[in-house]
Amino acid sequence: MTLAIEVEGLVKRFGAHRALDGVDLAVPAGQILGLLGPNGAGKTTMVRVLATLLRPDAGRARVFGYDVVEEPHQVRRCIALTGQFASVDGNISGRENLYLIARLLGVPARRARSEATGMLERFRLAEAGGKPAREYSGGMRRRLDLAASLMGEPRLIYLDEPTTGLDPHSRNELWAMVKERALAGATVLLTTQYMEEAEALADSAVVVDKGRVIAAGTAADLRARVGGRTLEIRPAHPRDLAALAGSLALEGLDGRIDQETCVVRLPLVEPDELTRAVRAVTASAVEVLAVDTRVASLDEAFIELTRSTA
Amino acid sequence: MTPTTDSAPTVGVPPLAGSARNGPRDVVRQSLALARRNMLQLRGDPGQLLDSVVMPMVFTLIFLYVFGGAIWGDRPGDYRQFLLPGIMVQTLMFASRSTGYLLAVDFDNGVMDRLRSLPIARSAVLTGRIVADMSRLLLGQVVMLLFALAIGFRVETNVLLAVAALLLTLLYGTALAWVSAFIGLTIRSPNTVQSVGFLWMIPLQFGSSMLVPTSTMPGWLRVFAEANPTTLVTDACRNLLAGGPIAGPVLGTVLWSVGLMCFAVPLAISRYRRR
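Analysis parameters
Residues numbered from 1 in each chain as written. Chains lettered and ligands numbered in written order. Predicted model: local features only at pLDDT ≥ 70, side-chain atom pairs only at ≥ 80, totals over all residues. Heavy atoms only, no water. UniProt positions renumbered as here; feature names shortened; annotations may be inferred. Helix = DSSP H or I, 4+ residues; strand = E, 2+ residues; numbered from the N terminus. Buried < 20%, exposed > 50% of the residue type's maximum accessible area, 1.4 Å probe, protein only. Contact = heavy atoms within 4.5 Å. Areas by Shrake-Rupley, 256 points an atom, 1.4 Å probe, with all protein chains shown as cover. Lys, Arg positive; Asp, Glu negative; His and termini not counted. Charge placed at Lys NZ, Arg CZ, Asp CG, Glu CD. Pairing = 2+ DSSP bridges. Axes fitted to C-alpha atoms, helices over the stretch in contact; angles between N-to-C directions. Buried area = accessible area lost by both parts, 1.4 Å probe. Salt bridge = Lys/Arg side-chain N within 4 Å of Asp/Glu carboxyl O. Nonpolar A, V, L, I, M, F, W, Y, C, P; charged D, E, K, R; others polar.

- The name given to chain A in an unreviewed UniProt entry is Daunorubicin resistance protein DrrA family ABC transporter ATP-binding protein, with Streptomyces californicus as the source organism.
- What UniProt records for chain A under Sequence similarities (unreviewed entry) is the sentence "Belongs to the ABC transporter superfamily. Drug exporter-1 (DrugE1) (TC 3.A.1.105) family."
- Reading the Subcellular location (unreviewed entry) entry of the UniProt record for chain A gives the comment "Cell membrane".

## A closer look at the overall build of chain B
Reasoning step 1: When its secondary structure is counted, chain B shows 12 helices and 0 strands.
Reasoning step 2: In terms of principal-axis extent, the alpha carbons of chain B reach across some 85 × 35 × 35 Å.
Reasoning step 3: For chain B, the residues scored as buried account for 53% of the 275 residues in total.
Reasoning step 4: Summarising the internal contacts of chain B: among those between residues at least 6 apart in sequence, 77% fall at separations of at least 24.
Reasoning step 5: Accessible area of chain B: about 12100 Å², with a carbon and sulfur share of 71%.
Reasoning step 6: For chain B, the separation between the mean place of its 22 positive charges and that of its 13 negative charges on side chains is 7 Å.

## Let's talk about the sheet that holds strand 5 (residues 66-67) of chain A
Residues and elements named next belong to chain A.
Reasoning step 1: Here we have 4 strands laid out as an open sheet, ordered 2-1-4-5, and antiparallel in their pairing. In this open sheet, the two strands that pair with only one neighbour each are strand 2 (17-28) and strand 5.
Reasoning step 2: Along the sheet face, helix 1 (residues 43-50) touches strand 1 (3-14), strand 2 and strand 4 (58-63) and points at about 120° away from the line of strand 1.

## Overview of the interface of chain A and chain B
Reasoning step 1: Listed per partner, the contact involves 40 residues of chain A and 40 residues of chain B.
Reasoning step 2: Taken over both partners, the interface formed by chain A and chain B buries close to 3600 Å², and the fraction arising from carbon and sulfur atoms is 53%.
Reasoning step 3: Three residues stand out in chain A for area buried against chain B, namely A:Arg77, A:Leu104 and A:Arg155, and they jointly supply 23% of the buried area on that side.
Reasoning step 4: Our enumeration of links across chain A and chain B arrives at 4 salt bridges.
Reasoning step 5: Of all the secondary-structure elements, those providing two or more residues to the side of chain A that touches chain B are helix 2 (72-78), strand 6 (79-82), helix 3 (94-104), helix 4 (109-122) and helix 5 (138-150) of chain A.
Reasoning step 6: Residue contributions to the side of chain A that touches chain B peak at 6 residues, all from helix 3 of chain A.
Reasoning step 7: Looking at the side of chain A that touches chain B, its residues break down into 18 nonpolar, 10 polar and 12 charged.

## Examining helix 3 of chain A
Reasoning step 1: The element helix 3 of chain A is extensively covered by neighbouring structure, given that 10 of its 11 residues are classed as buried.
Reasoning step 2: Among the residues of helix 3 of chain A, those classed as buried are A:Gly94, A:Glu96, A:Asn97, A:Leu98, A:Tyr99, A:Leu100, A:Ile101, A:Ala102, A:Arg103 and A:Leu104.
Reasoning step 3: Where helix 3 of chain A is buried, its residues contact helix 4 and helix 5 of chain A together with helix 1 (24-44) and helix 5 (111-116) of chain B.
Reasoning step 4: Just downstream of helix 3 of chain A lies A:Gly106, where phi reads positive at about 95°.

## Brief notes about the sheet that holds strand 10 (residues 212-217) of chain A
Residues and elements named next belong to chain A.
Reasoning step 1: With respect to topology, 6 strands assemble into an open sheet ordered 6-7-8-3-9-10, the strand pairing being mixed. Where the open sheet ends on each side, the last strands, each with one partner, are strand 6 and strand 10. Between one strand axis and the next, the sheet turns through 15° on average, direction left out of account.
Reasoning step 2: Pairing geometry for strand 6 and strand 7 (residues 156-160), over 4 bridges, is parallel. Note that in strand 7 the partner of isoleucine 79 across the bridge is leucine 156.
Reasoning step 3: Across the sheet, helix 1 is in contact with strand 3 (32-36), strand 6, strand 7, strand 8 (187-192) and strand 9 (204-209); its angle to strand 8 comes to roughly 150°.

Quick look at the structure:
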């Protein structure tokens, strides 16, 4: 198995702050890996080191076998970077943005022009191709940014929070484009704050917090780490929430009251907990509208995981 | 995308982007592609031209018609012949500031991240910037010369010396552009780059023969003014266009410009590499 990314003990300090504090990571070629974490977790620093934009203070990072410090030029030949803030040039047209990248990559002028046109069409930008990119909508800018990244048919694509600030439609569209690219064989490292995004796109996910990897695995693995299912009990009147929780406590169950959505929520870990919970509800004689069990969302898993390191 | 020898460890995947090693031809091609982009940017943002061409024209009119009489008094000759070469130098100095500003903007908005993650020569980004800025400076000089002719300035020498005047100012402007590049690569905020670029040039501009004769300045200032490269390039430009001794100021300008670049070029390059 070829590794697209191989990281060992990576450390990057900014003054006294350790943005990366000994990160290990291995991404097989052809995978989409979600790099998850809250703001300031070190995701962007990680991408910048892997994109040869920052030198690590300790540890090693290799991209398709090339060391990011020793052989940055070879690394750059493998990768494409789509930044957190769309890094297209707003003062020139979308077409010129793509033409520039093609020329920089050594494509002859005539072919560079036709490749730029082809890319504009693929990313539904043909009509706006001649307009300065600063006049594009947020979604169009991200599409142009992604198109620019794909000009050299990179083996490895870094997507640093690609959908932050996008409306749901543009987001789905961008996801579809990323998936298409991955199907064509590219490896993708996606950083995101949203579990949903990782779940929609990634084969596996790594959760980072405070510069360390705190969990890794598939979406299902991560969910399992914080209990499989959640029970939600909805009383007819919000005033009964406390009575319900009290009744559950008598059964030795720790229900959490959520005033906002008017439910008592209970993670189900032991097999008999559901039966005990139902018994507690019956005993409380509270009028109940609904009792639901559902699979814990990845977002809940995410919050649970990052809380434990706080 | 270029068919190059591919030394990648993986088999059965498309070749790596770019060349395995950037040869001189690659560097030239990359620099020109970036220079083209920088020139196109000028078209996309004509405000840049306003700063570098329209402002000096307004300045000329103010100095010529408002201050001119008071400055020139009853000296022999025409203040117009004295002032306009000075304004050409001023145009150049103002325009040279945008080298650093535009580099800072590229870093600020993420364009530089993309460029620096591409398999291109590190030097191409700076070279592309300077090449585009030299074209912009030359364009500004030609426009100002035409404007000068339009409002009654006369070239009293010949075409060859006039061209030499343009090239000499371009040399000085290029040296200042490198200083500006160093400032732009050292300071992160584009707005601060603008202010610093403006401030450091104030003594260089006004402590010179650019707008007024140095003969009325107090002694200590005259010492500064006469060693000031701006005085030298202005005098050279003046004498190349309107007649007078050439050798001294031309030599002085060349020495100053080359000297400035000996410091500014390596400093700017090392700043760029470190960011």
